[in-house]
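Structural description and commentary
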Amino acid sequence: MRVARTATLLLAMMPSLALAQQAEPAAAAPADVPADAKPSTAASSEEAATSKVPLEEIRRFVAVYNAVRAAYVDPVDDKKLMQDAVRGLLLDLDPHSTYFDKEDAEAFDEQANGAYEGIGVELQQQPDNASLKIISPIDDTPAARAGILAGDLIIAIDGKPISAIQASEPLRGPAGSKVVLTIVRDGKPKPFDVSLARETIRVTSVRSRMLEPGYGYIRLSTFQADTAADFQKHVRQLSKQAGGQFKGLVLDLRSNPGGLLTAAVQVADDLIEKGNIVSTRGRISISDARFDATPGDLLKGAPVVVLVDAGSASASEVLAGALRDNQRARVIGSRTFGKGSVQTVLPLDNGDSVKLTTARYFTPSGKSIQATGIVPEVELKPAPVEGESALPASLSDFSEATLPGHLHGDGEGEEGYQAGDVLPGDGPINDALAELKAPGSVATRLKAEAAKAAADKAAAKPEVKPEVKPEVKPEVKPEVKPEVKPEVKPIEPPVKP
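Residues numbered from 1 in each chain as written. Predicted model: local features only at pLDDT ≥ 70, side-chain atom pairs only at ≥ 80, totals over all residues. Heavy atoms only, no water.

**What about the overall build of the protein chain?**
- Across its full length, the protein chain holds 10 helices and 21 strands.
- Relative to its 497 residues, the protein chain shows a buried fraction of 44%.
- Taking the intrachain contacts of the protein chain between residues at least 6 apart in sequence as the baseline, contacts between residues at least 24 apart amount to 72%.
- With an accessible surface of roughly 26,700 Å², the protein chain has 55% of that area assigned to carbon and sulfur atoms. (Helix = DSSP H or I, 4+ residues; strand = E, 2+ residues; numbered from the N terminus. Buried < 20%, exposed > 50% of the residue type's maximum accessible area, 1.4 Å probe, protein only. Contact = heavy atoms within 4.5 Å. Areas by Shrake-Rupley, 256 points an atom, 1.4 Å probe, with all protein chains shown as cover.)

**Notes on the packing of aromatic side chains**
- Overall, the coordinates contain one aromatic pair when judged by the stated rule.
- With a centroid separation of 6.1 Å and 35 degrees between ring planes, the pair formed by F61 and Y65 is classed as tilted. Of the two residues, F61 and Y65 are both situated in helix α2 (residues 55-71); the distance of four residues between them amounts to about one turn of the helix.
- Look at F61 and you get partly exposed, because its relative accessible area is 40%.
- Classification of Y65 by relative accessible area gives buried; the value is 15%.
- Lying over the aromatic face of Y215, K437 brings its terminal NZ or CZ to 5.9 Å of the ring centre. (Phe/Tyr/Trp six-rings, centres within 6.5 Å; stacked < 30°, edge-to-face > 60°. Lys NZ or Arg CZ within 6 Å of the ring centre and 35° of its normal.)

**Digging into the packing of helix α7 (residues 261-271) against helix α8 (residues 315-325)**
- Contact geometry of α7 with α8 gives a least axis separation of 9 Å together with a crossing angle of 25 degrees. The angle between α7 and α8 places the two elements in the roughly parallel class. Seen along the crossing, α7 lies across α8 with a hand that is right-handed. Along its contact with α7, which presents L261, A264, V267, A268 and L271, the element α8 presents A315, V318, L319, A322 and L323.
- Its residues assigned to classes, the contact of α7 with α8 shows 10 nonpolar, no polar and no charged. (Axes fitted to C-alpha atoms, helices over the stretch in contact; angles between N-to-C directions. Parallel < 35°, antiparallel > 145°, perpendicular 65-115°, else oblique. Left-handed = near helix turned anticlockwise from the far one by under 90°. Nonpolar A, V, L, I, M, F, W, Y, C, P; charged D, E, K, R; others polar.)

**Details of the sheet that holds strand β17 (residues 304-308)**
- The strand order across the open sheet formed by six strands is β11-β12-β13-β17-β18-β21, and the pairing between neighbours is mixed. Whereas interior strands pair on both sides, the edge strands pair on one side only; in this sheet they are β11 (206-212) and β21 (378-379).
- Two strands pair when backbone bridges link them, and strand β13 (residues 248-252) and β17 are joined in this way by four bridges, in the parallel orientation. By the bridge assignment, L249 is partnered in β17 with V304.
- Sitting on the sheet, α8 touches β12 (215-220), β13, β17 and β18 (329-333), and the angle it makes with β18 is about 130 degrees. (Pairing = 2+ DSSP bridges.)

**Regarding the pairing of strand β15 (residues 276-282)**
- Of all seven residues in β15, five are buried, a share of seventy percent or more.
- As defined by bridge partners, β15 adjoins strand β16 (residues 289-292) across four bridges and the pair is classed as antiparallel. Bridge assignment links N276 to a residue of β16, and that residue is D292.
- As paired strands, β15 and strand β20 (residues 353-362) are joined by four bridges and run antiparallel to one another. Within β20, the position partnered with T280 by the bridge is Y361.

**Some points on the pattern of salt bridges**
- Scanning all chains against the criterion turns up 21 salt bridges.
- K437 is the partner of E212 in a salt bridge, and the nearest nitrogen-oxygen pair spans 2.9 Å. Remark: K437 occurs in helix α9 (residues 427-437) and E212 occurs in strand β11; sequence separation between them is 225 residues.
- Taking relative accessible area as the criterion, E212 reaches 30% and is therefore assigned partly exposed.
- Given a relative accessible area of 42%, K437 falls into the partly exposed group.
- One salt-bridge network, in which partners are shared between bridges, spans D139, R207, R219, D252 and R254. (Salt bridge = Lys/Arg side-chain N within 4 Å of Asp/Glu carboxyl O.)

**So, a nonpolar patch on the surface**
- On the surface, V53, L55, I58, F61, V62 and M82 cluster together into a nonpolar patch covering about 520 Å² of accessible area.
- With four residues, α2 is the single largest residue contributor to the nonpolar patch. (Patch = residues over 30% accessible without salt bridge, like charges linked within 9 Å, V, L, I, M, F, W, Y side chains within 5 Å.)

**Quick look at unusual backbone geometry**
- Unusually for a residue other than glycine, S255 sits at a positive phi of about 50 degrees.
- Structurally, S255 is set in the loop between β13 and β14 (259-260).

**Points about α7**
- Burial runs high along α7: 10 of the 11 residues are buried.
- For α7, the set of buried residues is L261, T262, A263, A264, V265, V267, A268, D269, D270 and L271.

Written out as C-alpha cells, the structure is:
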C-alpha cells in the first residue's frame with residue numbers, strides 16, 4: 001500500500017462533498033455564502049473565532065524552532081524541521097488526522113482510485129513509531145496470498161526497523177521486486193520474516209457469485225471511486241443469472257476498512273427506497289451534512305443479510321448502519337471496528353495535504369458508533385483453526401476504542417463491551433445464507449449448540465464422590481486398677497515371760 005504515516009481506515013469527505021482525492025483547493029465556506037456576508041449565527045461566530053491564532057503561541061513556537069536550529073547536536077534541514085513540526089501538530093489530535101507531503105498525497109489518490117504498486121495491505125502507523133499494524137490484507141494481493149493477517153505488526157522492512165525508515169516507503173517499488181517483512185503475531189513466540197513480490201495492485205472492490213439458485217453474494221472489499229457503479233453492475237448480473245427470481249443477497253463487508261463516504265452512500269441508496277442514510281456533524285457548519293435515499297431499489301425488496309466483523313470500519317459501518325436502521329437488512333457477524341469519524345482532505349498550495357478529522361457521523365437512528373461499533377443481531381465466532389495458519393490468539397485490541405488518542409464515543413465504556421473478532425473463511429457466508437433463507441435460524445442453532453456444549457462439558461466431568469474418611473475410634477486405654485499393696489502388720493517384739 002502506498003500510504004505513509006497514516007491510518008487508512010478512511011471515511012474521507014471533501015467540504016464540497018465531492019470525492020476526497022480531488023485536487024481542488026478546499027473551500028473555506030459554503031459556495032452559496034456571499035463573500036461580504038456577516039456571521040450571524042453561533043456557528044459562524046465560532047468559525048471566525050477559531051481563525052485567530054494567539055500571538056503569544058506563535059512566539060513560543062518560533063522560539064523553540066530557533067532553539068532547535070541553533071543548538072541541536074546535528075544540523076537540521078529547515079524543510080524537514082518544519083514538516084516534522086506540522087506532523088507533530090496533528091499527531092496528538094486523534095489517530096486519523098495526519099499530514100501528507102506531496103508524495104504521500106499522490107499515494108493516497110492512487111489508493112482511492114484502486115491502482116498502485118505494492119503488496120496490498122491496509123496499514124496503520126503505531127504511536128511508538130516502531131511498527132505498522134495490518135488493518136487488513138486486500139483480497140487477492142501478494143499480502144493476502146502470503147498469509148498476512150489482520151492484527152499482524154510489521155516491525156522491520158528489508159531488515160531495517162520501522163523507526164529508522166520513512167514509514168511505509170519501502171513497501172513501494174516496481175512490480176516484480178522483492179520485499180521482506182518482519183512480522184510480530186500474537187501467539188507466535190518470536191518475530192518471523194515473510195518475503196513478498198510487489199505487484200501492480202488493481203484492487204477490485206466488488207466481487208459476486210451465486211450461492212444457490214436465486215441467492216446472490218456480493219463482496220465489497222473497500223470503497224473506491226468506482227465501487228458504486230461496479231456494485232450496480234454486479235447486482236444486475238446476479239439478477240439476470242437468477243432469471244428474474246432473485247430471492248435474496250448476502251452482502252459481505254468483512255475486513256472492509258472503509259474508503260470514500262460517497263461510495264458507501266451510493267451503495268446504500270441503491271438498496272433503500274427512502275429515508276436517511278447518514279448524517280455528519282462537526283464544529284463548523286461546513287462539516288454538517290445529511291444524505292437521504294432517493295426512490296429506487298435495485299433488488300426490488302429482496303431480503304439482504306449484511307456480514308461484518310472486527311475489520312469492518314468507517315464507510316462499511318455507514319452502509320451496515322444505514323441498511324439496518326432502515327429495516328432493509330439484517331446484520332450478522334461480529335462487532336465492527338467502531339470508527340465513527342469523518343476526515344476531510346485539505347489540499348495545500350505546494351501539493352501537500354492535510355487529512356483532518358472534522359466531524360462525527362450518525363446512523364439514521366441518530367446513534368454515533370464511534371469507539372463502540374455496530375453490534376450485529378446474530379453474533380458469530382471464528383472457527384477454531386489449529387497449526388501454522390491459526391489466527392492470532394487475541395485480537396482484543398483490534399478496535400477504535402483502544403487506539404491512543406481516539407475520539408471519545410457516546411456509548412464508550414458501557415458494561416459488556418467486548419471488541420469483535422475477525423471472521424475469515426466460508427463458514428460465516430454459509431451462516432449468512434441460512435439466515436437469509438430463514439431469519440432467526442442461525443441464532444436458534446447457535447443457542448442449541450451452546451446448550452449442548454455446556455451439557456457435554458458437564459457430562460464429561462467425572463463424578464466426584466464425597467471423600468469417606470475412616471471412622472476414628474477413640475483410643476481405648478487399658479483400665480488401670482489401683483495397686484493393692486499387701487497389708488504389712490507391725491512385728492511386735494517378743495514378750496518376755
